[in-house]
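Remarks on the overall topology
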Amino acid sequence: MTLIAREGPRRAVLWATDMLLGLRTARHRVPRRMDVDDAVVHTMPSREEIGGALRIFAESFDLASETRVLRRVARVFPWASVVLVRGGVVEGYCWFRVLPRKRAILLSMAARTASRGRGYGRAMLSFGLSVLRDAGIEVVDLDVEEGNEPAVRLYTSLGFARRSIDPRRKVARMRKALGP
Ligand SMILES: CC(C)(COP(=O)(O)OP(=O)(O)OC[C@H]1O[C@@H](n2cnc3c(N)ncnc32)[C@H](O)[C@@H]1OP(=O)(O)O)[C@@H](O)C(=O)NCCC(=O)NCCS
């Protein structure tokens, strides 16, 4: 009730769906990692690493109200929460929210401002997509601002295709089907 009063019914439904799918997908909570030069990309971030990712989120987006959602998604779907760590420092993150019917959405991703253009974004996203594929996810969606050239290029190069556009917000919805 408090939650509904504070966040509204839509958010309460999202919260309940997250919790349910979090339980249903709990068997995927197995740490996965991949070396990328002198860095490591991995799932199941620690509390400190989640804090590092949220600092990058705050530095990259003016959406402070969403921090709580990102924190919750990392707790509920830790196996679909990717961080890139170099020398003990979180350099980037890539968070997915799992949806019903074998779908997921890229909730948020960013690299530290000083670390962009080094291949971290590509490494995190392609690793995250392979983790999702292995977990049986078949379709991944994302929303991106049309003018966000680096992000649009990255997504297109990894096989996301534009499906629709919200002209008012200038946001494109992109989709990628994950093959077997
Ligand atoms: C989008 C973002 C995560 C990409 O991460 P990154 O580590 O800088 O990207 P990479 O170095 O892995 O580059 C991957 C691809 O992105 C594209 N790209 C990256 N930087 C670019 C730039 N400045 N201009 C154009 N394209 C660029 C390229 O296609 C690049 O592939 P290539 O190097 O083979 O040409 C990063 O720019 C970022 O954090 N942006 C701010 C947050 C944001 O917009 N997140 C996405 C919200 S939808």
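Parameters at a glance
- Residues numbered from 1 in each chain as written.
- Predicted model: local features only at pLDDT ≥ 70, side-chain atom pairs only at ≥ 80, totals over all residues.
- Helix = DSSP H or I, 4+ residues; strand = E, 2+ residues; numbered from the N terminus.
- Rg over C-alpha atoms; globule rule 2.2 N^0.38 Å.
- Buried ≥ 20, exposed ≤ 12 C-beta atoms within 10 Å, placed from the backbone.
- Contact = placed C-beta atoms within 7 Å.
- Near = placed C-beta within 6 Å.
- Axes fitted to C-alpha atoms, helices over the stretch in contact; angles between N-to-C directions.
- Parallel < 35°, antiparallel > 145°, perpendicular 65-115°, else oblique.
- Nonpolar A, V, L, I, M, F, W, Y, C, P; charged D, E, K, R; others polar.
- pLDDT = per-residue confidence, 0-100.
- Core = buried A, V, L, I, M, F, W, Y, C linked by C-beta atoms within 7 Å.
- Pairing = 2+ DSSP bridges.
- Left-handed = near helix turned anticlockwise from the far one by under 90°.

What the chain contains, in helices and strands, is 6 helices and 8 strands. Start at the N end of the chain and walk to the C end: the helices and strands fall as α-α-β-β-α-α-β-β-β-α-β-α-β-β. Computed over C-alpha atoms, the radius of gyration of the chain comes to 16 Å, within 12% of the 16 Å expected from 2.2 N^0.38 for 180 residues, which places it in the range of a compact globule. Taken over 180 residues, the chain has a buried fraction of 32%. Pairs at least 24 apart in sequence give 60% of the contacts found in the chain among residues at least 6 apart.

With respect to spatial proximity, 19 residues lie near the ligand, and among them Arg116, Gly121, Arg122, Pro150 and Arg153 are the closest. Looking at the shell around the ligand, the elements with two or more residues in it are β5 (103-111), α5 (120-134) and α6 (149-157). Here the element with the most residues in the shell around the ligand is α6; it accounts for 6 residues.

On to the packing of helix α2 (residues 9-24) against helix α4 (residues 67-76), then. With their axes 9 Å apart at the nearest point, α2 and α4 run at an angle of 20° to one another. When the axis of α2 is compared with that of α4, the two are roughly parallel. Between α2 and α4, the residues in contact are Asp18, Met19 and Gly22 and Arg72, Val73 and Val76, respectively. Counted by class, the contact of α2 with α4 contains 3 nonpolar, 1 polar and 2 charged residues.

Another point: the environment of Leu70. For Leu70, the location among the structural elements is in helix α4. Expressed as a C-alpha distance, the spacing of Leu70 and Ala53, which sit 17 residues apart in the sequence, is 9.4 Å. Beyond its immediate sequence surroundings of up to four residues, Leu70 is in contact with Leu54, Phe57, Trp95, Leu107 and Ser108.

Before going further, it helps to spend a moment on the confidence of the model for the chain. Per-residue confidence for the chain averages 93 on the pLDDT scale, and 95% of its residues sit at or above 70. Confidence drops under pLDDT 50 across residues 1-5; counting only partners more than four residues distant or on other chains, this segment forms 4 contacts.

Once that is clear, we can look at the nonpolar core. Core analysis: the largest hydrophobic core is formed by 44 residues, its most contacted members being Tyr93, Trp95, Phe96, Met124 and Leu132. Of all the elements in the fold, those that place two or more residues in this core are β2 (39-42), α3 (47-60), α4, β3 (81-86), β4 (89-99), β5, α5 and β6 (139-145). Per-element accounting of this core gives the leading share, 8 residues, to α5.

On the basis of which strands lie adjacent, the open sheet formed by 8 strands has the order β1-β2-β3-β4-β5-β6-β8-β7 and mixed pairing. The sheet terminates laterally at β1 (33-36) and β7 (161-166), the two strands that pair on one side only. Pairs of neighbouring strands in the sheet enclose a mean axial angle of 20°, with direction left out of account. In this structure, β1 lies alongside β2, joined through 4 bridges in antiparallel fashion. Across the sheet, Asp35 pairs through a bridge with Val40, a residue of β2. Of the strands in this sheet, β3, β4 and β5 touch α3, which is tilted by about 90° from β4.

Turning our eyes to something else, we now look at unusual backbone geometry. The phi angle at Lys102 is positive, at roughly 60°, despite the residue not being glycine. In this structure, Lys102 sits in the loop between β4 and β5. Non-glycine residue Lys170 carries a positive phi angle of around 55°. Here Lys170 shows up in the loop between β7 and β8 (171-177).

Two numbers describe a pair of packed helices, the interaxial angle and the distance between the axes. The contact between α3 and α4 brings their axes to 11 Å, and the two run at 150°. Viewed along their axes, α3 and α4 form a crossing whose handedness is right-handed. Here Ile50, Leu54 and Phe57 of α3 come into contact with α4, specifically with Thr67, Leu70, Arg71 and Ala74. Considered class by class, the residues forming the contact of α3 with α4 number 5 nonpolar, 1 polar and 1 charged.

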